[in-house]
Structure formats: structure tokens, C-alpha cells
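Structural description and commentary
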Amino acid sequence: MSDQDALTPDGAANQIETDYEVGQDNIQPSIGPFGFDIHNPVFMISGLTIIVFVAFALIFPGYAADLFGWLRPALTSTFDWFFLLAGDIFVVLALVLMVSPLGKVRLGGKEATPDYGYAGWFAMLFAAGMGIGLMFFGVSEPISHFSSSVAEGAGSPDSWAPLAGAAGNADEARRLGMAATIFHWGLHPWAIYAIVALALALFAYNKGLPLSIRSIFYPIFGERVWGWTGHVIDTLAVFATLFGLATSLGIGAQQANAGLNFLFGIPESDLSMVVLICAITAIALVSVVAGLDAGVKRLSEINMVLAALLLLFVIVVGSTTAILTGFFQNLLAYGEYLPALSNPFGRDDANFSQGWTSFYWAWWISWSPFVGMFIARVSRGRSVREFIFCVLLIPSIVSVLWMTAFGGTAITLVEGGVTEIADAALELKLFAMLAELPLAAITSFVGIVLVIVFFVTSSDSGSLVIDTITAGGKVDAPVPQRVFWATFEGLVAIALLLGGGLVALQAAAVSTGLPFAVVLLLGCYGLVKGLMSEPR
Amino acid sequence: MYQKIMVPVDLAHQDRLSKALDTAADLAKHYGGSLHFVGVTTGTPSEVAHTPAEYAEKLKAFAEAEGAKRGLTADSKAYTSHDPAVDLSEKLLQAIDDSGCDLVVMASHLPGLPEHVFASHAGAVASHTGVSVFVVR
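Because the structure is predicted, anything quoted here is derived from the model rather than measured.

Focus on the overall build of chain A
Helices and strands together make up the secondary structure of chain A, namely 18 helices and four strands. Against the 2.2 N^0.38 benchmark of 24 Å for 536 residues, chain A shows a C-alpha radius of gyration of 22 Å, consistent with a compact globule. Here the C-alpha coordinates of chain A stretch approximately 65 × 50 × 45 Å along the principal axes. Out of the 536 residues in chain A, the part that is buried amounts to 62%. For chain A, contacts bridging at least 24 residues in sequence account for 81% of all contacts bridging at least 6. A total of about 17600 Å² of accessible surface is found on chain A, and carbon and sulfur atoms cover 69% of it.

A few points about the environment of Pro-52 of chain B
Tracing the chain through its elements places Pro-52 of chain B in helix α2 (residues 52-70). In this structure, the C-alpha to C-alpha distance between Pro-52 of chain B and Val-40 of chain B, residues twelve residues apart in sequence, is 9.2 Å.

Focus on a positive patch on the surface
All names here are of chain A. The grouping of Lys-104, Lys-110, Arg-385 and Arg-536 at the surface amounts to a positive patch. In this structure, Arg-385 sits in helix α13 (residues 384-415). A relative accessible area of 33% places Arg-385 in the partly exposed class.

A word on the packing of aromatic side chains
For any pair of aromatic rings, geometry is given as the distance between the ring centres together with the angle between the planes. All names here are of chain A. For the structure on display, the rule yields 37 aromatic pairs over all chains. The interplanar angle of 40° and the centroid separation of 6.1 Å between the aromatic rings of Tyr-218 and Trp-226 together place this pair among those described as tilted. Every member of this aromatic cluster is reached through a ring pair, and the members are Phe-136, Phe-137, Trp-185, Trp-190, Tyr-193, Trp-356, Phe-359, Tyr-360, Trp-363 and Trp-364. In this structure, Arg-382 packs its charged tip against the face of Tyr-118, placed 4.4 Å from the ring centre. The ring centre of Trp-121 lies 4.2 Å from the NZ or CZ of Arg-382, which sits over that ring.

Here we look at the environment of Ser-46 of chain B
As for its placement among the helices and strands, Ser-46 of chain B is situated in the loop between β2 (34-41) and α2. Ser-46 of chain B sits in the buried class, given a relative accessible area of 14%. The contacts of Ser-46 of chain B, once residues within four sequence positions are left out, are Val-22 of chain A together with Thr-41 of chain B.

Considering the sheet that holds β2 of chain B
Whether parallel or antiparallel, the strands of a sheet pair through hydrogen bonds between backbone atoms. Residue and element names in this part refer to chain B. The five strands are arranged β3-β2-β1-β4-β5 in an open sheet whose pairing can be described as parallel. The open sheet terminates on both sides in strands that have one partner only, identified here as β3 (74-80) and β5 (132-136). Adjacent strand axes in the sheet meet at a mean angle of 20°, parallel and antiparallel pairs treated alike. Along the sheet, α2 makes contact with β2 and β3, crossing β3 at roughly 160°. Strands β1 (4-8), β2, β3 and β4 (103-107) of the sheet are contacted by helix α3 (residues 84-99), whose axis makes an angle of about 150° with β2.

Topic: the confidence of the model for chain B
All names here are of chain B. Averaged over all residues, the pLDDT of chain B equals 86, while 92% of them reach at least 70. Taking the mean pLDDT of every element in chain B, the minimum, 85, falls on helix α4 (residues 121-128) and the maximum, 93, on β1. Across the interfaces of the predicted complex, the ipTM metric reaches 0.78, alongside a pTM of 0.86.

Digging into unusual backbone geometry
For Leu-163 of chain A, which is not a glycine, the phi torsion comes out positive at approximately 50°. Along the chain, Leu-163 of chain A turns up in the loop between α5 (132-150) and α6 (170-185).

A closer look at the pairing of β3 of chain B
All names here are of chain B. Summarising the sheet, β2 and β3 pair through seven bridges and their orientation is parallel. Bridged to Phe-37 within β3 is Ser-76. With respect to chirality, the unit in which β2 leads through α2 into the neighbouring parallel β3 is right-handed.

Section: a nonpolar patch on the surface
Residue and element names in this part refer to chain A. The grouping of Leu-58, Ile-59, Phe-60, Tyr-63 and Leu-498 at the surface amounts to a nonpolar patch, some 530 Å² of accessible area in total. Here Phe-60 shows up in the loop between α1 (42-59) and α2 (61-78). For Phe-60, a relative accessible area of 46% gives the class partly exposed.

What counts and what doesn't
Residues numbered from 1 in each chain as written. Chains lettered and ligands numbered in written order. Predicted model: local features only at pLDDT ≥ 70, side-chain atom pairs only at ≥ 80, totals over all residues. Heavy atoms only, no water. Helix = DSSP H or I, 4+ residues; strand = E, 2+ residues; numbered from the N terminus. Rg over C-alpha atoms; globule rule 2.2 N^0.38 Å. Buried < 20%, exposed > 50% of the residue type's maximum accessible area, 1.4 Å probe, protein only. Contact = heavy atoms within 4.5 Å. Areas by Shrake-Rupley, 256 points an atom, 1.4 Å probe, with all protein chains shown as cover. Patch = residues over 30% accessible without salt bridge, like charges linked within 9 Å, V, L, I, M, F, W, Y side chains within 5 Å. Salt bridge = Lys/Arg side-chain N within 4 Å of Asp/Glu carboxyl O. Lys, Arg positive; Asp, Glu negative; His and termini not counted. Charge placed at Lys NZ, Arg CZ, Asp CG, Glu CD. Phe/Tyr/Trp six-rings, centres within 6.5 Å; stacked < 30°, edge-to-face > 60°. Lys NZ or Arg CZ within 6 Å of the ring centre and 35° of its normal. Pairing = 2+ DSSP bridges. Axes fitted to C-alpha atoms, helices over the stretch in contact; angles between N-to-C directions. pLDDT = per-residue confidence, 0-100. Right-handed = clockwise from strand over helix to strand, strands pointing away.

Here's what the structure looks like:
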């Protein structure tokens, strides 16, 4: 942003009149030589609860593993209809907002100009929003759906196939597998992010409220959002962010470890993963200390270039024409299966809709305060229409392309008799596929680097977000605070990995996703009300 | 000797500024120079202002009040930063270039242990600019 922007008026916006001042509830304690500037009581409650949780997982690992092992399926199978329904509501709302006259509202006031150019902006939102997941699931998910769909008995209650499957019909199983994968990585996750991000940006830039989740609820609760109602909302957001992040960090550590084992024979063990998480947290620390522009943005851009190169490589050396035509076929398949896949009621494919979809939705929702707030922070000056187009449609298209290139190529290889990919563990499927293509040593290495950098870009942007929420919406809190949260995230990931592994991480993400889904549905109302009162 | 003295101010903590403001005003009177107040804000609402434009207005009012109080010519310029906790010194260096000032008077806290890890903004400004910097403790 040029310095002139600060002096030009940002034009008409309908600010909310409130006596609340940003940071009025903050306290500035000094811990040792470090000064802090934190929201009282959100910082304390969330910090202490997380410590108790982590201590529990470490002291009673067996009990914790049992509890988490039960919790995740219990939640996703009981509330599957709720997660699916909520996801659909977000998609519909985002699309309606984009085409409605409300799309003309500009974030930051009518005359505001964008803070970031398209490249930097897009790199940051993509790196924060999907990150490690694309690496982990890009090959493994299409293969899983394809295998379960084509298998004998697909469509029976024991099957994990989406919908009724396509037993014995490889072509249809491929279409269904790709559609189901794209369904999980397309419009729905990005709609959840877009809604949260849009609401946060609107209430901060146009309404003049602090950049914090509670601000979205001002139209509903009025001045009460500054009291305990708001404390609860913000604390939930911190939990959701921290556990959502820890899940991704855990998945990332597992995959990086698996990849390193595959390439260099480094043993797959708890110790290796702990060392990986420590090393990666250290890089994230450097990035947060370097700041949003010099650290986070630069890493996101590096990330984007590397990911684009890997994608391009797979497209070029894989069957190029098959991928390019596959892109459109998969898009069509996605459109065709979308109504059935997103139907929340009366599903006959419980394993799929509960074990995959419902879990994903909970995970995306638990990520949404983090990704949403991060997107909001870098999106000042965009119009609502441009915002939704760039946060909902473009990333969805990129996801389709990514999944087509990685998943489609892998399915073709499996159909051609390369069973290693189908047989490999989830975290190894990407490397098993790269091994079938030329230059495997180089691309696998790039793959590991990407997993690690995605890991870092999630950790650093997440720390900035938690720091802002626990500082009452201040984005200029002292640097040691974000160092604290980045370190804490690494510790939570380690603790949860040791106390129950990935299951514990996923259970933590899902159990914070559920209450937050309720919070978000209420937030939709706040968003629409806030947008209606803006000058267009 | 000094014609234009730049004074970075943190409008959220005006109480901690008095020593730096007095120092800058005395120097300006002594050398017959003017004061140039610089503030850095965020795009998001802060405790000082809801928007960058409002911040710029508040800074302007602050500069005018200071100038009138001290009988000196004073102007101001506001800068927006994405991440002021980290980028503040960078913005101040830019402000030095933009303003063409020949002296910077800025308040800073006592350095301690954290300064071995995180550079203080005053320290960073002093070590990266050609103009004189007067750090007021």
C-alpha cells in the first residue's frame, strides 16, 4: 500500500457506534524481561485450558487415546447431518452474496484500495487455506474413493464408497472418486472460509470494530459482545484454531517423516516426528518474527511457486492430454454428483458421509477462524464480489486442477497395474506416485520441502491470528507474544501426537469444530445484516 | 544546524512521549527548525482510530496542537503498516527519506535482555539512516 493511502479518505462506510475501544480490556503484564499486551480474560482462559488438555493427553496417554478414539466417530456420526447442512448453507450464502447487489460493498469503505497485489494475496490465502492437506490427500483421497467405489460390494453398508459406488465399473468409479474428492476440496471449504473472512473484514474495516471473531456478533448481541458472550466466542475461536492447526501439523509431520523415510531411510518414529515439529516450529518462529510482509508473505510466495512447479511437472510428464481433458470431465462429474454428495439427510453411505465428509467439514470449520481471520487481514480494499470470486471460485478451480493432476494420474497408474500406490499407506501415496514418474528423487524431495513449507506457512499465519484474538483484536501486540503462540502450537501438536496420534488430533479438531459451526451459523446472520447497512 | 526534526509518535501512549516532545521542541527552538510528526497505524481498527484516515486526522490535530503550544511550525504524516510490531522501523526509515528531515528525536524504552533477540525500533532506525538520531530514554 502506498503511503498516500493513509491520507486519502476511504469513503463512505457505515461505522457502528460503540463506546468500546480496541484494547480497553487488555492488560500489559511483564513476564521476565518481556512485555505483553493481552486480552483479559481470553488469553488466560484459552492458554490454561489448552495446557490442561495437553497435560491430560501426556499424563494419561492410554486413556486419552481411548477417549479420542471414541470421540471423533461419535461426533461425526451423530452430527453428520448438521455439519453437511451447515456446509451447504455457507456455499449458498456465499454464492448469493456474490451475485446480489450486496456484492458491490467494498471492504474498507467505498474508496479503499487493495493492500496487496493479486499474486501476494492469492499466495497467502491459498497457503493458509489448504496447505498440507493438498499434499497429503492429493493422491491418497482420489485413490481411496476410486478403490472403494470400484470394489466388489461397493454400496453395501460396510463399504467406504461415496454414494452407491460403482462396483466393477472402473470409468464410473474414477468419475465418482474424483467428484467426491473435489467435493471435499472445492466450493464447500472455501465457502466456509469466505464467509468467515468476509464477516471479519466487514466488521473490522467498515464497521470499525476490533479484528476479532466476536465483532461479527455485534448485530445479534449488541454491546454484550464485549462481555462474557464475546469472551466465550473468542475463546472457542482460539481452541478451534489451535486444534485445527495442530491436526494439520500432525498430518504434515507424519507425511514429512514418511517421505524422509522413503527417500533417505530416516526411521519413522515418534522421535523423528518430534524433531521435525521442533525444526519446523523453529522456521515458523523466524517467519513470525520477520513479520507479515518479510516472513509470512514471502514464504507463501515461495510455496506457491514450488507447488505450481510440482503441479506443472505432473501435468507435463503425466499424460498431459488426459489431465487436461480430465479437468473438464471432473468438473462435470463434480457438478453432476454435487447434489447427492451434499445431501445432509437419508444417506445410505454412512462410512463415507460420516467418516470423510462430516470429518472434513468439522476440520474446515475448525480452521475457519484462522484462515478467515488471516484472509481478512490481507483483504482490505477488495469488493465483496471480487472477494468471493477470488476466495471461493478461483481456489476451487485450482483444487480441481490439483486433484485431477495428482489423483487422476495416480488412478491411471493404478488401473495400469501399479498396485504400489493403492497399497501404500495414506501418507506415502504421494511419494509412491512420484516414484512412477521420471526424476523421482528430485520431485519427492520437492514434495517433502513443500510439505514442510506448507507446514510453516500454516504455523506462522496461525500464530499471528491467535495472537490477534488473544490481544483483543490488536495487530500490533509485542512480538514475544506471537513467539509464545508459535511455540505453543508446536507443543500441542507434539503432545497430541504422543497421546493418541492422529486420532487424537482429529478428535480435537472435530470437537472444537462442532460448537464453532453453531457460532458460524449465527455469524451468517450478523454478516448479512452488516452488509445490508453498508452503502453500495 | 537542524532545520526539520522528525518526531515519531505513538498516539496510543502519549503519556510516555513528553520527554521526547520537550527535547524535540527545545532543539527546534534553538536551531530555528520545524517539527515533523510521524505516526504508523494499521489498516484494522486500533485503540487510536477506526480507520487509517481517522488516524491521519488525529495525528494532524496532535501536530497542530503541539505546534501551537510550543510556538513552532509543525506538520505530520501518517503511514500504514501491515504489521507494525515488526515493520515500524522500516516505515520510519521511509519517513526519514520522504520528509528530508535532518534529525530524528524518538522515545525508546530502556534496553534489556529482549533487545538481544528483538532489535528495538530506535536502535534499528539509528543503525540504518544517515541522519542524526537522538534516542530519548
